[in-house]
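Residue-level structural notes
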Amino acid sequence: MTEQAGSKGHVPLIEFRGVGKRFTVKGEPLQAVRDIDLKVREGEILTLVGPSGCGKSTLLNMAAGLFEATEGEVIYRGAPVKPYNNSVGYMTQSDHLLPWRDVIGNIAIPLEIKGLPKAQVVARVEELMETVGLTGFGRSYPNQLSGGMRKRCALARLLAYDPETLLMDEPFAALDAMLRMRMQIEIRALCRRLGKTVMFVTHDLDEAVAIGDRCVVFTGRPGTIERVVDVPLPPDRDILQLRKDRDYQEITATLWDVLAPAVGMGD
Amino acid sequence: MEELSKTRIWVLRAMFLAFVIIGWELSSGRLASEFFISRPSAIAQMFWEWTLSGKIFYHGAITLLEALSGFLLGGLIGMVIGVWLGRAQLVAEVLDPFIMMFYSLPKVALAPLFVLWFGIGIDMKILLTATIVFFLVFLNTYTGVRAVSREQIAILRLMGANERHVLFKVVLPSAVTWVFTGLRLSVPYALIGAIVGELIASNRGLGYLLADSAGQFDTTGVFTALIGIMAMAFCLNAAVKLIEIRAMPWRETNSKREMSI
Ligand SMILES: Nc1ncnc2c1ncn2[C@@H]1O[C@H](COP(=O)(O)OP(=O)(O)O)[C@@H](O)[C@H]1O
Ligand SMILES: [Mg+2]
C-alpha cells in the first residue's frame, strides 16, 4: 500500500529524481525540499498533503519549470523540464484572473494566445462557461464575482488551454465547506472525463483522500516524502457520501497518524 | 437614503459658494480696498464682456492649444519611454539616478532656458508643458510596468504566451491604471507649463491676460483671467476622468460595488 512501484513498465508522466531545492533568503541558504523521488502516472489524480511550508508548492513550481531544481532533476515525458512547461496548467489559491477582463475575456486568453479565429473563441468560451456553470456571467468582471465563481472562471481558463496536466495548488482553500465539496466533485468528474493528469496540493487531509487516486504525505522542514498511499476508493466514488465510507475513514485515520508528529512541532 | 444625502451635499455646497461670494461682495470696499480684492459682481460683468467680445475664447484657445499639445506630446513620449524602460531592466538601472535627479528639478525653472532655445513663440510653451507632463506620465507608467504581477505573467507563459502576448495582454493593461494616474496628475501641471510660459514671454493666452491685467493694476481683470484658467482646468480634469472611465470599465464596477472588507 505504501510504494508507487505498482506501475510496472509504466512510464511515468512526471518524475522527480532525487530532487532538492535550496533558496537563498537574505543571504542564508534555505533548503525547502530534499530527496524527492516521485513518479506521477499519466491519468491519475495525485494529491500532495502536508503541513504548510514543507515545499509542496515548490514541487509544483518545479514541475511547471518556474523553479529549477538545485539537486536532482525533474523529468516530464522523458525530458528534463525547461522553463515554462507548456504541457501543464497551473491553478493557485489566488486565481490570478486579469481584473481588466470580464469572464469571457479571461477564459478567452489561452485561446487568443493559440491564435484561434474570433468566432471559434466565442463558441469555445460559451461551451466552457457552461461546463463550469458560469453561463450568464460572461460580462461580469472578476471583482463582481464571488470566490466560488472566480474559481470556476480560473478553472474554465485552465480547461480552455487544455493542458494534459493540471497543477493545482490549494485551489479551494479559501472556499466554504459546501462549495469546496462541490468543486471537489466537479474537478474529479471533469478530470476523469477528460483524462487529465493532476497534481493537487492541499493541506486538508480529507480533501487529499476524497479526490486523490494516490496521496503523497509530506513532513518536515526541509520537506520530504513521508509516505505515498494508494487511496482504496473506486474511481467513480461518491464524494458526498464519503464520510460514511469505511475505507475512507480508515485511510484518513492512517494518514492522520503519519502527519500527527508534525502537528506538535509547531508551524 | 444614498440619493437624499447626495442632494443635501449639493445644496450645502451651493450655500457655501453663495456665502463666500456674498461675503466677498460685502467686504469689498468695507473690510478691504476694492483695488486689491475687486468684487464678484465686477468680475462677473467683466467675464460677460470678455465672453461677448470673444476675448476670453481667443486667449483661452491659445492656452488650451499649448496645454493640450504639450499634454499629448509629453504624455505620449512618457508612456512609450515608461513602457520601454519598465521592460529594459539594465537601461533602467543605469539611468535611474539621473532620472531622479532631473525629476526633482522644478521643471518651470527650465523656462528661461527654453526661451533661449526655442524663442517666445507657442512652441516654447508646448515644449515646456511637454517636459513637465513627460516626467509625471513617464514615472507612473514606469512604476506601473514594473508593478505587473509576475504570477500573472508566469501563468500566461505556461499557456505558451510569447513576449508580445505578455506585453499586450498583461503588462500594458495592468499599467493603464498607473498611466491614468499620471495623466490625471498632469492636467494641472500642463496648465502650469502653458501659463508660466505665457507669463514669461507672450502677447497671447490666459497667462498673458493675467500678466497684462496685473500690469495695469486691474484686479478685476486678474480675477477674471484666473476664473477662466480654473474653468479650463476643470474641463480638462473632467475630460480625463471621462476617458479614464471609458478606458477602464472594470474600475467603474469596482467603485459602484457595495463596500466590503
Ligand atoms: N520563491 C521563494 N524564495 C525563497 N524561499 C521560498 C520561495 N518559495 C518558497 N520558499 C520557501 O520554501 C519553503 C517551502 O515553501 P512552499 O513550497 O511554499 O511550501 P508549501 O507550499 O508546502 O506551504 C518555505 O520555507 C518557503 O519560505
Ligand atoms: Mg503552498
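For the structure, see preceding data.
Bear in mind that the values here come from a model prediction, so they are computed numbers and not experimental data. (Residues numbered from 1 in each chain as written. Chains lettered and ligands numbered in written order. Predicted model: local features only at pLDDT ≥ 70, side-chain atom pairs only at ≥ 80, totals over all residues. Heavy atoms only, no water.)

**So, the interface of chain A and chain B**
In plain terms, the rule: Two residues qualify as a contact provided that any one of their heavy atoms is within 4.5 Å of a heavy atom in the partner residue. Accessible area, probed at 1.4 Å, shrinks when two parts are joined; the buried area is that loss added up over both. The term salt bridge refers to a side-chain nitrogen of Lys or Arg lying within 4 Å of a carboxyl oxygen of Asp or Glu. Labels follow the DSSP assignment, with helices taken as runs of H or I lasting at least four residues and strands as runs of E lasting at least two, numbered in each case from the N terminus.
Every contact between the two is made by 22 residues of chain A and, on the other side, 20 residues of chain B. Roughly 2100 Å² is buried in total at the junction of chain A and chain B, and carbon and sulfur atoms are behind 69% of that figure. If you sort the residues of chain A by the area they bury against chain B, Trp100(A), Ile113(A) and Asn143(A) come out on top, with a joint share of 35%. Counting the contacts that link chain A with chain B gives one salt bridge. Glu112(A) is the partner of Lys169(B) in a salt bridge, and the nearest nitrogen-oxygen pair spans 2.8 Å. Put simply, the parts of the chain that give the side of chain A that touches chain B at least two residues each are strand 6 (88-91), helix 2 (103-114) and helix 4 (147-161) of chain A. At four residues, the largest contribution of residues to the side of chain A that touches chain B is made by helix 2 of chain A.

**Considering the nonpolar core**
Let me state the cut-off plainly: In this description, a nonpolar core means a group of buried Ala, Val, Leu, Ile, Met, Phe, Trp, Tyr and Cys residues linked to one another through side-chain atoms lying within 4.5 Å. Relative accessibility thresholds used throughout: buried, under 20% of the residue-type maximum; exposed, over 50%; partly exposed, between the two (1.4 Å probe, protein chains only).
If you look at the biggest cluster of nonpolar residues, it comprises 74 residues, and the most contacted ones within it are Phe16(A) and Met199(A). For this core, the element with the most residues is helix 9 (residues 163-200) of chain B, which contributes twelve residues. Setting aside anything within four residues of it in sequence, one finds Met199(A) in contact with Ile14(A), Phe16(A), Leu38(A), Val40(A), Leu46(A), Leu48(A), Leu60(A), Leu166(A), Leu167(A) and Met168(A). Counting residues in each nonpolar core, the second largest holds 52 residues, with Ile107(A), Cys153(A), Phe172(A) and Val198(A) among its members.

**Some words on helix 10 (residues 206-215) of chain B**
Residue and element names in this part refer to chain B. Here is the rule: The arc in question is the one traced by the directions running from the helix axis out to the C-beta atoms.
Buried residues of helix 10: Leu 206, Gly 207, Leu 209, Leu 210 and Ser 213, and no others. Here the buried residues of helix 10 occupy an arc of 160 degrees about the axis, which is enough to place them on one side. Where helix 10 is buried, its residues meet helix 3 (40-53), helix 4 (55-87), helix 9 and helix 11 (219-247). Trailing helix 10 by a residue or two, Phe 217 shows a phi angle of about 55 degrees, which is positive.

**Description of the packing of aromatic side chains**
Condition: To pair, rings of Phe, Tyr and Trp, with the six-membered ring standing in for Trp, must have centres within 6.5 Å; the planes then decide the type, stacked if under 30 degrees apart, edge-to-face if over 60, and tilted in the middle. Ring-over charges, as used throughout, are those where CZ of Arg or NZ of Lys falls within 6 Å of the ring centre and within 35 degrees of the ring normal.
Within this structure, the stated rule accounts for 14 aromatic pairs over all chains. Ring centres of Phe172(A) and Phe200(A) lie 5.8 Å apart, and the angle between their planes is 55 degrees; on these two criteria the pair is classed as tilted. Residue Phe172(A) is located in the loop between strand 7 (165-169) and helix 5 (177-194), and its partner Phe200(A) is located in strand 8 (residues 197-202); the two are separated by 28 residues in the primary sequence. Judged on exposure class, the residue Phe172(A) and its partner Phe200(A) are both buried. Across from the ring centre of Trp10(B), 4.7 Å away, lies the NZ or CZ of Arg13(B), which sits over that ring. Positioned above the aromatic ring of Phe135(B) is the side chain of Lys107(B), whose terminal nitrogen or guanidinium carbon lies 4.8 Å from the ring centre.

**A short note on the sheet that holds strand 4 (residues 71-76) of chain A**
All names here are of chain A. Definition in use: We call two strands paired when DSSP finds no fewer than two bridges between them.
Reading across from one edge, 2-1-4-5 is the order of the four strands in this open sheet, with antiparallel pairing throughout. Two strands lie at the open edges of the sheet, namely strand 2 (28-40) and strand 5 (79-80), each paired on one side alone. In this sheet, strand 2 lies alongside strand 1 (residues 14-25) in antiparallel orientation, the contact comprising nine bridges. Residue pairing across strands places Arg 22 opposite Gln 31, the latter belonging to strand 2.

**Observations concerning the site of ligand 1**
Residues and elements named next belong to chain A. Put simply, the rule is: Any residue with a heavy atom positioned within 4 Å of a molecule or strand is treated as near that molecule or strand. Two N or O atoms form a polar contact when they lie within 3.5 Å of each other; inside protein one atom must be a possible hydrogen donor and the other a possible acceptor, and for residues adjacent in sequence the pair counts only when both atoms belong to side chains. The method behind every accessible area is Shrake-Rupley, applied with a 1.4 Å probe, and residues are considered shielded solely by the protein chains displayed.
Around ligand 1 sit Phe 23, Val 25, Leu 30, Ala 32, Ser 52, Gly 53, Cys 54, Gly 55, Lys 56, Ser 57, Thr 58 and Phe 67, and those are all the residues in its vicinity. Take Ser 57: an N or O atom from its side chain is 2.5 Å from an oxygen atom of ligand 1. Within the complex, the protein chains bury 66% of what would otherwise be the 560 Å² of accessible surface of ligand 1. Every element with two or more residues in the shell around ligand 1 is listed here: strand 1, strand 2 and helix 1 (56-64).

**Thoughts on a nonpolar patch on the surface**
Residues and elements named next belong to chain B. The line we're drawing: Here a patch means residues that are over 30% exposed by relative accessible area and free of salt bridges, tied together within 9 Å if like-charged and within 5 Å if nonpolar (Val, Leu, Ile, Met, Phe, Trp, Tyr).
On the surface, Leu 90, Val 94, Leu 95, Phe 98 and Met 101 cluster together to form a nonpolar patch covering roughly 540 Å² of accessible area. Summarising the element assignment, Leu 90 is placed in helix 5 (residues 89-104). Classification of Leu 90 by relative accessible area gives exposed; the value is 66%.

**A word on the sheet that holds strand 9 (residues 214-219) of chain A**
Residue and element names in this part refer to chain A. What counts, and what does not: Comment: axis = line fitted to C-alpha atoms, over the contacting stretch for helices; angle = value between 0 and 180 degrees taken between N-to-C directions.
The strand order 6-7-8-3-9-10 describes an open sheet built from six strands, whose pairing is mixed. Single-partner strands in this sheet number two, and they are strand 6 and strand 10 (224-230). Across the sheet, the mean angle from the axis of one strand to that of its neighbour is 15 degrees, orientation sign disregarded. Judged from the five bridges that link them, strand 7 and strand 8 form a sheet pairing that is parallel. Paired with Met 168 across the two strands is Phe 200, which belongs to strand 8. Its contacts with the sheet place helix 4 against strand 6 and strand 7, and it is angled at close to 170 degrees to strand 6. Across the sheet, helix 5 lies against strand 3 (45-49), strand 7 and strand 8, angled at about 140 degrees from strand 3, the strand it touches most.

**Quick look at the side chain of Ser140(A)**
Residue placement: Ser140(A) occurs in the loop between helix 3 (118-132) and helix 4. Not counting chain neighbours up to four residues away, the residues in contact with Ser140(A) comprise Asp102(A), Val103(A) and Leu145(A).

**Describing the environment of Val122(A)**
Considering the arrangement of structural elements, one finds Val122(A) in helix 3. Between the alpha carbons of Val122(A) and Leu111(A) there is a distance of 9.5 Å; along the sequence they are eleven residues apart.

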